Amino acid sequence: MRGRFLSVILSAVSLPLVAAAVSSQAYTWKNVKIGGGGGFVPNIVFNPTQKGLAYARTDIGGAYRLNADDTWTPLLDFADVNHWNYWGVDALATDPVNTTRVYLATGMYTNSWDPNNGQILISTNYGATWTASPLPFKVGGNMPGRGVGERLAIDPNSNNILFFGARSGNGLWKSTDFGATWSKVSSFTNTGTYVPDPTDTSGYNSDKLGITWVTFDSTSGTSGKATPRIFVGVGNLGSTNVMVSNDAGSTWNAVAGQNSTYIPHKGVLSPATKTLYISYSNGAGPYDGSLGAVMKYNITSGVWTDITPVSGGNLYFGFGGLAIDAQHPNTIMVAALNSWWPDGQIFRSIDGGVTWSPLWSWGVYPAINKFYSYVDTLAPWLGPDNTVTTLGTLQIGWMMEGLSIDPFDSNHWLYGTGATILGGRDLLKWDTTHNVTLESLADGIEETAVTALVSPPVGPPLLSGVGDIEGFVHNSLTVAPATNFLNPSWSTTSDIDYAGNKPTNFVRIGSGTGSQQIALSFDSGTTWSIDYGAPITLSGGKVALSANADTVLWRTGSSGVQVSQYTNAFTVVSSLPSDAQIASDKVNNSVFYGASGSKFYVSVDGGHTFTSPSGLGSSKSPQKIVVNPSVTGDVWVSTDVGIFHSVNSGTTFTQLPGITQAWAIALGAPAKAGGYPAIFAAAVLGTTTGYFRSDDAGVNWVQINDAAHGFAAPGSNPVSGDPRIYGRVYIGTNGRGIFYGDAAGAAPPPSTTAKPTTTSAIPSTTLLSTTSSSAIVKTTTTTSRGTPTTTSPAPTGTGVQGAYGQCGGQGWTGPTVCVSGYKCTYSNPYYSQCIPA
């Protein structure tokens, strides 16, 4: 998070990557396969002159190149802590003359969330390596309007010339040396006035959309000379928004007769017919847009024609994705930008927009006629499959700004949604049998924002919490999961934890509203049940599950830390700060830990009260607490000033030397059976920021990431060590999914099922120590809960419980008989409820 001042004309610079300051170990890094992308793909761009060459850009996960087998290769995995905003790609251009060249406009936000200016990334080898040309303003790959475009364009007649349309009122910029230096086009003064929400004080929705696209009219020039005619779309709503230059960008005028009602999202040229097609929406997208239009402009005659596919009550969305078939220049397709119900929509015309056919139409309500079959083999969790006819399933997608037809294959088409890339290879059937195959074609694209990772000692190798698509049980690292978390299902899982003594038991929390946001699983995440003790008004934050799985400690997103045992109602924990990092002891059921500021906290009564026996040096921001799964009281804490370790439940701490900042930390399988767990850390060690492993409790470290794997911002990335395979570590990223790494030449230690019961930890080492005279009171592990064998609760109380009240569960002492008309029904080991008989 660094800012810098740049001059108007900027020279290209080579990318500095990881400084060599510590020893390293070679690792093999692969994505944990979720499949289907998992995030918004604003556009897919085919090269017009090289068959099979195409690129996809994402809003937070970088860019990808299409392979011959329909898989995708990531191009920006080298982005590290110094270049994390490279993963926000706001525009892409592939060179039609020298097809090895490709350009990206990158930067994550234009408001304060990203203090860095943007840059144009330049590759001369199809994206294998890059050079950066800094810009003197910010670029917003994850800002509103990130699906418009393309804002970056290459002159097809003189490919040394590029134009880039900036956000925030920064205008139009030009390069004449293949993107190495840039200067502002001073004659272009219509820089856009539209902002989605002027009242947004964060700056996210109150920034100007700016210029939306740049399109060269290749037919107006000759090879070797600058193309005279250039069209530019501008983010204006209700005023002039399509500009044209007929002298290679020296002067500009508004195109006469244009539609100024809406914002122009795409401007696509059909060279064979000398026609410019434009899709419009009344919002910036990708989330908004309730009205719009599709227009075509005959460049020769200067005539505009409204070719909007629908009107009246059928027009309740804007238009985004727009494609021309290069082999059939009167064939065009356009996507509804935001048709959220009953599904997305795409229209196709083979006569230049005179008539249109949709991808679906209404039958006798509520039935719809689907003119496609749906295949989700590569990402089955995307579902539902093609047998489902329920309204609102959004099979087609949403946020559809990117839509492309392969210029060399009229059957091959791709479009981006808010979750994946869809398309197929039988597009011409649309015009004959009117039934195309719609399939997930994002294999290799892993774009998820990962919020939590847990690798338990038994069961599946990994469980994940993921933004927008809930999270997964990963029974395989190489096969996409069949489904995400269900029953309950939320858009985002904020955190997840397992019980140390009962590692098949998990808790997860969601970030939604209107329902309880805590769920429990007793079978390694296969099934889940709602924790009805949770209030429906709270969500988000962090969670810890006690060793025997009977107590949930929850640092809520808005109401401090709360605790519940046996799924009873949560109560506030006033003795722990509301911003505390939390964790459970993995052996002692009564012990929980917390850290806030420079203080470390311990509870010995199941999380109800906490005391602070010691401190964490000069820390102001603890990041993570991890606990040895086999030894009670063996605790590690990562902070803004380094890593602290306690072998006595936080009575005293030692600070590891050499590490000056640490984010995520994790424990994994030891190098030798019975040895101390391997420690993984995202940290600053000496002068190097990276990912490290220690096999001797932090005395010595090796760096495990390399110049090709930077993992972007470490402060956003959860880490989990695999407790069963030595050296294996999982790293979740904010935009590139989950990686797992294996040490070169490492072999797993002999398996062991015995869990140590000793309370001693590793021998002390010579470390900077912070001590306290306070001592923790040792407690014994409470009785573990039993596994239910019946579907009805055992009676433990007297009286009659009212409708929907609790009537049973472990630890319940209240009424077990329900009011007339209701039956006491088992939900989970801790909760039975009176529901209608």
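Because the structure is predicted, anything quoted here is derived from the model rather than measured.

S.K.: Can you walk me through the sheet that holds strand β26 (residues 357-358) in this structure?
M.R.: Two modes of strand pairing occur in sheets, parallel and antiparallel, and in both the strands are linked by backbone hydrogen bonds. Strand order in the open sheet made by the four strands is β23-β24-β25-β26, with antiparallel pairing throughout. Looking along the sheet, the strands with just one partner apiece sit at the ends: β23 (319-325) and β26. Relative to strand β24 (residues 328-336), β23 is paired through five bridges, and the arrangement is antiparallel. Residue Ile324 lies in a different strand from β24, and its bridge partner there is Ile332.

S.K.: Help me out: how do you make sense of the pairing of strand β33 (residues 436-440) in this one?
M.R.: Working note: regular strand, side chains alternate between the two faces of the sheet. Burial of the side chains of β33 is restricted to one face: Val436, Leu438 and Ser440 are buried, whereas none of Thr437 and Glu439 on the reverse face is. Where strand β29 (residues 372-375) lies against β33, four bridges are found, and the strand directions are parallel. Of the residues in β33, the one forming a bridge with Tyr374 is Leu438. Here strand β32 (residues 421-424) runs beside β33; their pairing, made up of two bridges, is antiparallel. When the bridges of β33 are listed, Gly423 appears paired with Glu439.

S.K.: So what exactly am I meant to see when it comes to the nonpolar core here?
M.R.: The nonpolar side chains of a soluble globular protein tend to be buried with one another. Counting residues in hydrophobic clusters, the biggest one holds 36 residues, and the most contacted among them are Ile346, Ile396, Trp413, Tyr415 and Leu438. Breaking this core down by element, the ones donating at least two residues are β24, β29, β30 (403-405), β31 (413-416), β33, β34 (450-454), β35 (462-466) and β59 (738-743). Residues Tyr55, Ala79, Tyr109 and Met143 belong to the second largest nonpolar core, which totals 25 residues.

S.K.: Looking at this structure, how should I read the sheet that holds β29?
M.R.: In space, the five strands of this open sheet follow the order β29-β33-β32-β31-β30, with mixed pairing throughout. In this open sheet, the two edge strands, each paired with only one partner strand, are β29 and β30. Put simply, the sheet's adjacent strands are angled 20° from each other on average, direction ignored.

S.K.: Explain unusual backbone geometry here, please?
M.R.: Residues apart from glycine generally show negative phi values, whereas peptide bonds are mostly found in trans. In this model, Gly149 is joined to Glu150 through a cis peptide bond whose omega is 15°. For Glu150, the position within the fold is in the loop between β10 (131-134) and β11 (152-154). Here the amide bond leading from Asn487 into Pro488 is cis, since omega sits at 10°, within 30 degrees of zero. Looking at the element boundaries, Pro488 is found in the loop between β36 (471-474) and β37 (493-498). With a phi angle near 55°, Thr567 is a residue other than glycine that sits in the positive phi range. Within the element layout of this structure, Thr567 appears in the loop between β43 (561-565) and β44 (571-572). The phi angle at Phe711 is positive, at roughly 65°, despite the residue not being glycine. Relative to the helices and strands, Phe711 resides in the loop between β56 (702-703) and β57 (719-721). For Phe711, a relative accessible area of 1% corresponds to the buried category.

S.K.: Whenever I open this one, a nonpolar patch on the surface confuses me. Can you help?
M.R.: A contiguous nonpolar surface patch, about 610 Å² in accessible area, is contributed by Tyr287, Trp340, Trp341, Trp362 and Tyr365. Summarising the element assignment, Tyr365 is placed in the loop between β27 (360-362) and β28 (368-370). Under the relative-accessibility criterion, Tyr365 is labelled exposed at 57%.

S.K.: Honestly, the side chain of Ser524 in this entry has me stumped. Any pointers?
M.R.: With respect to the helices, strands and loops of the structure, Ser524 is situated in the loop between β39 (518-521) and β40 (529-530). Overall, the relative accessible area of 9% leaves Ser524 in the buried class. Dropping the residues within four chain positions of it, Ser524 is found in contact with Gly459, Pro460, Leu463, Val473, Thr504 and Phe506.

S.K.: What exactly am I supposed to notice about the confidence of the model for the chain here?
M.R.: Detailed conclusions should not be drawn from predicted coordinates in areas where pLDDT is low. Put simply, the chain has an average pLDDT of 89, and 88% of its residues get 70 or more. Note on residues 385-389: pLDDT is under 50 here. Beyond four places in sequence and across chains, it has 10 contacts.

S.K.: I would appreciate a short explanation of the environment of Lys672 in the present structure.
M.R.: Positionally, Lys672 belongs in the loop between β53 (659-668) and β54 (678-685). Classification of Lys672 as exposed rests on a relative accessible area of 67%. Residues Lys672 and Asp695, spaced 23 residues apart in sequence, show a C-alpha to C-alpha distance of 9.4 Å.

Calculation criteria
- Residues numbered from 1 in each chain as written.
- Predicted model: local features only at pLDDT ≥ 70, side-chain atom pairs only at ≥ 80, totals over all residues.
- Heavy atoms only, no water.
- Pairing = 2+ DSSP bridges.
- Helix = DSSP H or I, 4+ residues; strand = E, 2+ residues; numbered from the N terminus.
- Buried < 20%, exposed > 50% of the residue type's maximum accessible area, 1.4 Å probe, protein only.
- Core = buried A, V, L, I, M, F, W, Y, C linked by side-chain atoms within 4.5 Å.
- Axes fitted to C-alpha atoms, helices over the stretch in contact; angles between N-to-C directions.
- Patch = residues over 30% accessible without salt bridge, like charges linked within 9 Å, V, L, I, M, F, W, Y side chains within 5 Å.
- Areas by Shrake-Rupley, 256 points an atom, 1.4 Å probe, with all protein chains shown as cover.
- Salt bridge = Lys/Arg side-chain N within 4 Å of Asp/Glu carboxyl O.
- Contact = heavy atoms within 4.5 Å.
- pLDDT = per-residue confidence, 0-100.

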